[in-house]
Amino acid sequence: RFIPLEERGHMANEAGAKLFISLHVNAARANAARGTETYFLGPSKSEAAEKVMERENSVIKYEENTERYEDYDEDALVRQTLTQSAYMRQSERLASLVQMQFEERVHRHNRGVHQAGFYVLWSASMPSVLVELGFLTNPREARYLNSDQGQTYLASALFRAVRDYKKNYEKGIFRSE
């Protein structure tokens, strides 16, 4: 079943989650586009990040109540970013660990860590990231993403990133900054 974007973060909050990771696959007009990228909540810093955000946020058209997003504008994003500022640094660190694992351990093309106003990240009251695992519009990447080996490697990289994040957090590295 389709779960509205806003409700996904609420579900994580209600479950007492410590991290929120939203997994996605990307698409592009150019079928040569490839690689992984990870986002955390904040105003878009590039046109490319803005386009990915717009594409991901457009799935609200499948929701029954799209009016709930009418107040999700640039000013609201700034307010929400300030509200979640305690988690922003942690979210950025988690995103960096994810990208590092993808690049170093799985040898995926690193498209970087970015910030953007993804609706799915707005309501999570914890460090949260949106991970683009690759491009379904690239035939080679599509085969990799659909393969058991590709899925195992990507899942393993995510596990290692979360494990490293947890280990550093428990040592107090992230809390002291």
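Each value, and the rule that gives it
- Residues numbered from 1 in each chain as written.
- Predicted model: local features only at pLDDT ≥ 70, side-chain atom pairs only at ≥ 80, totals over all residues.
- Heavy atoms only, no water.
- Core = buried A, V, L, I, M, F, W, Y, C linked by side-chain atoms within 4.5 Å.
- Buried < 20%, exposed > 50% of the residue type's maximum accessible area, 1.4 Å probe, protein only.
- Helix = DSSP H or I, 4+ residues; strand = E, 2+ residues; numbered from the N terminus.
- Contact = heavy atoms within 4.5 Å.
- pLDDT = per-residue confidence, 0-100.

Asker: Could you give an account of the nonpolar core, with specific residues and numbers?
Answerer: Counting residues in each nonpolar core, the largest one holds 20 residues, and the members touching the most others are Phe20, Tyr39, Phe118, Tyr119, Val120 and Leu121. Only helix H1 (5-14), strand E2 (36-41), helix H2 (47-57) and helix H5 (119-122) provide two or more residues apiece to this core. Counting residues per element, this core draws most heavily on H5, which supplies 4 residues. Apart from residues no more than four positions distant in its own chain, valine 120 is found in contact with Leu5, Arg8, Gly9, Phe20, Ser22 and Leu130. Residues Val98, Phe102, Leu145 and Tyr165 belong to the second largest nonpolar core, which totals 15 residues.

Asker: Account for the confidence of the model for the protein, naming residues and giving values.
Answerer: On average, residues of the protein score 89 in pLDDT, and 92% of them reach the 70 mark or higher. Across the protein, the secondary-structure element scoring lowest on mean pLDDT is helix H3 (residues 74-83), at 66, and the one scoring highest is helix H6 (residues 139-146), at 98.

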